Amino acid sequence: MQEEQVILVNEKDEKIGLMPKMEAHEKAVLHRAFSVFVFNDKKELLLQQRAASKYHSPLLWTNTCCSHQRDGEGNIEAGKRRLKEEMGFVCDLKEVTWFIYKAPFDNGLTEHELDHILIGYYSEDPLLNREEAESFKWMTIEQVKNDMEKHPEIYTEWFKIIFDKYYSFISHES
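To keep things clear, this report deals only with the structure shown in the data block. Keep in mind it's a predicted model, so treat the numbers as computed, not measured.

Each helix and strand counted, the protein has four helices and nine strands in total. Of the regular secondary structure in the protein, the N- to C-terminal order runs β-β-α-β-β-β-β-α-β-β-β-α-α. Here the protein has a C-alpha radius of gyration of 15 Å; the compact-globule value for 174 residues is 16 Å, and the two agree. With respect to the principal axes defined by its C-alpha atoms, the protein has extents near 40 × 30 × 30 Å. Within the protein, buried positions represent 54% of all 174 residues. Within the protein, residue pairs in contact and separated by at least 24 positions form 61% of the contacts whose partners lie at least 6 positions apart. Seen as two clouds, the 22 positive and the 32 negative side-chain charges of the protein have centres 1 Å apart.

Below, the discussion takes up helix H2 (residues 75–87). A rise of 1.5 Å per residue sets the reference length of H2, with its 13 residues, at 18 Å; its end C-alpha atoms lie 17 Å apart and thus fit the reference within 8%. Contact partners of the buried residues in H2: strand E3 (31–39), strand E4 (44–50), strand E6 (65–67), strand E7 (93–104), strand E8 (110–121) and strand E9 (133–140). Where H2 ends, the next residue or the one after it, Gly88, has phi of about 80 degrees, a positive value.

Now for the nonpolar core. Counting residues in each nonpolar core, the largest one holds 24 residues, and the members touching the most others are Phe37, Leu47 and Phe159. When contributions to this core are tallied by element, the ones reaching two or more residues are E3, E4, E7, E8, helix H3 (141–150) and helix H4 (157–173). Counting residues in each nonpolar core, the second largest holds 16 residues, with Val38, Cys65, Phe89 and Trp138 among its members.

Okay, the pairing of E8 next. A large share of E8 lies buried, amounting to 11 of its 12 residues. Sheet topology places E3 next to E8; nine bridges connect them, and they run parallel. Following the sheet pairing, Arg32 is matched in E8 by Leu114. The pairing of E7 with E8 spans 11 bridges and is antiparallel. Within E8, the position partnered with Ile100 by the bridge is Leu114. Linking E7 to E8, which pair antiparallel, is a turn of five residues; within it Gly108 sits at a positive phi near 90 degrees.

The rules behind each value
- Residues numbered from 1 in each chain as written.
- Predicted model: local features only at pLDDT ≥ 70, side-chain atom pairs only at ≥ 80, totals over all residues.
- Heavy atoms only, no water.
- Helix = DSSP H or I, 4+ residues; strand = E, 2+ residues; numbered from the N terminus.
- Rg over C-alpha atoms; globule rule 2.2 N^0.38 Å.
- Buried < 20%, exposed > 50% of the residue type's maximum accessible area, 1.4 Å probe, protein only.
- Contact = heavy atoms within 4.5 Å.
- Lys, Arg positive; Asp, Glu negative; His and termini not counted.
- Charge placed at Lys NZ, Arg CZ, Asp CG, Glu CD.
- Expected span 1.5 Å × (residues − 1).
- Core = buried A, V, L, I, M, F, W, Y, C linked by side-chain atoms within 4.5 Å.
- Pairing = 2+ DSSP bridges.

Have a look at this one:
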C-alpha cells in the first residue's frame, strides 16, 4: 500500500505540491490538515483519546478527530470521511476558521500544518475504530479548559493551541 500523501500549501492555503505524510513530518513542511469538533445537544464536546499505536501523541486526548485532506478532496468531505473512519458516524460540518501551527514531537517528527477547524453536531456515542481511538468522553468547553490548565500533558499539542488561540470560535459554536 502506498503511503498517504499530504497536500503541501503556502501560507495562503494554496496547493504547491504533494509529499508522503511521514516525509512531510520529518522535514516539517507546511501541509493542509483539519480538526473536527463535534458537540452534542448538551453543548458538550466529543473528545477522542488517540490509540496507543499512533506514531505520535499516542493515548493523548484531543478533539473529535483530525487528519489530512486527500488531493482533490474538500475540507468538509475530508472531515466527514475521517469522522466515519475514526468515530463510526457522520454529521454535517461547517468550517469556522483556519490557522498555521508548528509543533515538534519527542520522536523527531514535526507537525507544521495549516489546520482547518470544522464544527458539527451529533448526540449519540461514537463507535470507535480501535486502530485510531482508544477511548472517548463528552465534556463541556469549560471542563476541557479547566482540565487542560491542570493536566496539559494529557492533551495533544494542536488541541492546546486551538484552545489557546481559537477558544472564541469553538466556545461560540457550542
